[in-house]
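# Survey of secondary and tertiary structure
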Amino acid sequence: MKLRASAGAIVSLISLLVATLPVLPAVAQNPKKDSYLRTIGLCSGLDRTPADARVAACTALIDAGQDMTPAGLAIAYNNRGNAYAAKGDYDGAIRDFDRSIELNPTYTKPFNNRGVAYLRKREYDRATDAFDQAIRLNPNYGEAFANRAGAYLKQNDFARAAQDYDEAIRLKPNLDGVWSGRCWSRAILGELQAALEDCNKALQSGPANAATYDSRGLIYLKTGELGAAIADYSSALRIDPKLASALYGRGLAKLKQGDKAGGNIDMAAAKAIQGSIGDDFTRYGVR
């Protein structure tokens, strides 16, 4: 998932609900084997199976649970939880992740996925607790570190977010959103040169996104490079025209350049989208 806590964080979430692809334990040979294997593939989300079809396939496997081991059932519940989450049914997803964990308490994926579901529900303490459990089970779980960083960003705990992004990058440097997320964290913390390097890395290594341009815009705004800030905020807004932080940041940069009319227009538009955006920028150390 990429999750965005404040204006520039990604969390894709990020990375967000991790699909599980292992093949479930097969039942004894029978004439319906091919159909059964196809159901396994659908439940696992192979070939971009639509969420409703995934739910149906996983439910069929769960209903035939007498033919499966507890570990296999745990995978089926986890996969169905992912499908429910894809449909926006986070409560249903959490119920399935809970059941998956009951069946196999050492299976790390449902802990991480449950955390993402809680994050989507804005239950940030529960989200961080779930990610904590995933990381305790697997200290090398890069996705869980990245997702926990997203939860910390939502709680405005930028120092912890940066630390978790450090671990995620160490473990999985190609994971979506980690460079941009750390850029945003560092920009708010005032580590501007390091933040700039992270944003540049993000823009060089993947498709451009609004969050990264927005983060780099904040860096330039803080360093007084107002033309560069306006250019990056404008790039962010071409991708996401309703990104309040980019509108507000561009408005501030315009005001600092002496463009009072243009600055006020942007800032008013930002406040219409997010009334508290001015308070956010004060917290970021920008007025």
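Basis of the calculations
Residues numbered from 1 in each chain as written. Predicted model: local features only at pLDDT ≥ 70, side-chain atom pairs only at ≥ 80, totals over all residues. Heavy atoms only, no water. pLDDT = per-residue confidence, 0-100. Contact = heavy atoms within 4.5 Å. Helix = DSSP H or I, 4+ residues; strand = E, 2+ residues; numbered from the N terminus. Buried < 20%, exposed > 50% of the residue type's maximum accessible area, 1.4 Å probe, protein only. Lys, Arg positive; Asp, Glu negative; His and termini not counted. Salt bridge = Lys/Arg side-chain N within 4 Å of Asp/Glu carboxyl O.

### Describing the confidence of the model for the protein chain
Averaged over all residues, the pLDDT of the protein chain equals 89, while 88% of them reach at least 70. Every residue in residues 1-28 is under pLDDT 50, and counting partners more than four places away or in other chains gives 114 contacts.

### Some words on unusual backbone geometry
Of note, Arg-122 is a non-glycine position whose phi angle comes to about 65°, a positive value. With respect to the helices and strands, Arg-122 occurs in the loop between helix 5 (109-120) and helix 6 (124-137). Since its relative accessible area comes to 66%, Arg-122 is described here as exposed. At Asn-156, a position not held by glycine, the phi torsion is positive, near 60°. Of note, Asn-156 is situated in the loop between helix 7 (142-154) and helix 8 (158-171). In this structure Asn-156 comes out as partly exposed when scored by relative accessible area, which is 33%.

### Thoughts on the side chain of Arg-54
Within the secondary structure layout, Arg-54 lies in helix 2 (residues 51-63). Buried within the structure, Arg-54 lacks any salt-bridge partner; Asp-52 is the closest side chain of opposite charge, at an N-O distance of 9.9 Å. The contact partners of Arg-54, leaving out residues within four places of it in the chain, are Leu-42, Cys-43, Gly-45, Thr-49, Asn-79, Asn-82, Ala-83 and Ala-86.

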